[in-house]
Amino acid sequence: MNTENRWNPEALKALGRLDLIAHEVLDGIRQGLHRSIRRGFSAEFFDYRSYEPSDDAAKIDWRLYARTGRFFIKRFEAETSLECMVLLDVSNSMRWRWEKTISKQEYGVILAASLGLLLTSQRDLVGLHTFGMTPNRHLPAKSSRAHIDDFFGMLASQGAPAESAAELLETARAIDSLRAHKGLLILISDLEVPETDLRKSISLLRARGDELIVFHLLDRAEIELPFHDATHLEDSETGEIIRFDAAYRKRQKEIAGEFQEKVRTICMENGALSIAVDTSLSPVEAILEMNHRRKGML
């Protein structure tokens with residue numbers, strides 16, 4: 001599906017205010033879905049509740065009425081509040097950008113804001129936890145107009161880190177303290193951590209039965225390497241100066257593809273959904289892809 005230019009990352013960033021950006025993305029999502037957003041998340045049978053005068057009589061379970069003499073209607077998971085916690089990486093590697101393009105962190109902020117608005121528009125509870133800098137910041141999951149404003153405000157106020165730290169594993173270890181109920185976890189990160197830490201983190205995030213969606217972010221320049229006149233590069237995490245030549249370019253493209261496949265495999269092994277996203281992809285397309293693939297897993 002090709003979205004209009006209005007939904008590409010650079011055009012969205014130009015809108016300035018994060019609430020305007022999130023509403024623009026949500027409009028694109030609504031135009032892209034053939035069914036309601038709510039049905040896209042789940043319509044599995046959950047339990048019964050007593051019939052109320054405002055309910056549609058067509059939803060009455062007449063077989064249950066024959067057994068009990070009371071009116072009940074089926075309640076679906078789609079009608080319950082989902083508790084979601086967005087885990088956003090704000091480490092130094094997420095801040096890297098090529099020339100004046102959008103950074104992974106800026107893309108992640110737009111993606112998080114759009115998902116937060118999508119969830120609260122469905123009356124789900126959504127919270128936010130940022131990691132990768134000291135101190136971490138946390139917003140408990142709620143669902144209200146005032147809360148989504150706080151959600152946007154926290155996302156928009158990401159300044160320079162006081163102290164960078166690779167804290168994905170620490171965040172995963174503390175996940176039980178970050179939300180009140182089992183629900184949905186959305187991890188937005190470039191996942192630049194050791195493989196052993198990544199495996200343990202994904203395992204811990206899934207350990208209590210939470211549904212886990214991982215948005216694996218890559219800068220487009222990290223894939224295409226458009227540094228035609230460069231002779232050396234500086235590692236964004238370590239500061240190491242690396243010689244840049246044709247052999248390095250070829251190998252880095254291979255490494256990027258291998259890393260995406262490794263993340264996908266680790267997530268699949270743990271029953272999590274991994275979505276590889278580069279910063280040139282419209283957030284609308286990224287969320288529609290999430291919606292499509294999530295329905296296939298439920």
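The structure contained in this document is the topic of the report that follows. (Residues numbered from 1 in each chain as written. Predicted model: local features only at pLDDT ≥ 70, side-chain atom pairs only at ≥ 80, totals over all residues. Heavy atoms only, no water.)

## A look at the sheet that holds strand 9 (residues 211-218)
And step 1. Taking strand neighbours across the sheet as the criterion, the six strands line up as 6-4-3-8-9-12 in an open arrangement whose pairing is mixed. Since the sheet does not close on itself, it has two edges, and those belong to strand 6 (137-142) and strand 12 (273-278), each with one partner. Put simply, the sheet's adjacent strands are angled 15° from each other on average, direction ignored.
And step 2. One ladder, built from seven bridges, connects strand 3 (residues 83-89) with strand 4 (residues 125-131); its direction is parallel. Among the inter-strand pairings, Glu-83 is bridged to a residue of strand 4, identified as Leu-125.
And step 3. Those strands touched by helix 6 (residues 104-121) are strand 3, strand 4, strand 6, strand 8 (184-189), strand 9 and strand 12, and its axis lies near 150° from that of strand 9. (Pairing = 2+ DSSP bridges. Helix = DSSP H or I, 4+ residues; strand = E, 2+ residues; numbered from the N terminus. Axes fitted to C-alpha atoms, helices over the stretch in contact; angles between N-to-C directions. Contact = heavy atoms within 4.5 Å.)

## Quick word on the nonpolar core
Generally speaking, a soluble globular protein has its nonpolar side chains buried in company with each other.
And step 1. With 47 residues, the main nonpolar core has Phe-151, Leu-155, Ile-188 and Phe-215 as its most contacted residues.
And step 2. Setting aside residues no more than four positions away along its own chain, Ile-188 makes contact with Val-86, Leu-87, Leu-88, Asp-89, Met-94, Gly-108, Leu-111, Ala-112, Leu-115, Phe-215 and Leu-217.
And step 3. Among the nonpolar cores identified, the runner-up in size contains 20 residues, and Leu-168, Leu-185, Ile-202 and Val-214 belong to it. (Core = buried A, V, L, I, M, F, W, Y, C linked by side-chain atoms within 4.5 Å. Buried < 20%, exposed > 50% of the residue type's maximum accessible area, 1.4 Å probe, protein only.)

## A look at a nonpolar patch on the surface
And step 1. Judged by side-chain polarity, Trp-62, Tyr-65 and Phe-71 come together as a nonpolar surface patch covering roughly 310 Å² of accessible area.
And step 2. Locating Phe-71 in the fold gives a position in the loop between helix 4 (62-68) and strand 2 (72-76). (Patch = residues over 30% accessible without salt bridge, like charges linked within 9 Å, V, L, I, M, F, W, Y side chains within 5 Å. Areas by Shrake-Rupley, 256 points an atom, 1.4 Å probe, with all protein chains shown as cover. Salt bridge = Lys/Arg side-chain N within 4 Å of Asp/Glu carboxyl O.)

## Focus: the packing of aromatic side chains
And step 1. Applying the stated criterion across every chain yields a total of three aromatic pairs.
And step 2. Taken together, a centroid distance of 5.8 Å and an interplanar angle of 80° make the contact between Trp-62 and Tyr-65 edge-to-face. With Trp-62 and Tyr-65 both in helix 4 and three residues apart, the pair spans about one turn of that helix.
And step 3. Using a relative accessible area of 32% as the deciding quantity, one classes Tyr-65 as partly exposed.
And step 4. Both rings, one in Trp-62 and one in Phe-71, keep their centres 5.8 Å apart while their planes meet at 85°; by these two values the pair is edge-to-face.
And step 5. Exposure remark for Phe-71: the relative accessible area of 37% places this residue in the partly exposed category.
And step 6. The structure contains a cluster of three or more aromatic residues connected by ring pairs, namely Trp-62, Tyr-65 and Phe-71. (Phe/Tyr/Trp six-rings, centres within 6.5 Å; stacked < 30°, edge-to-face > 60°.)

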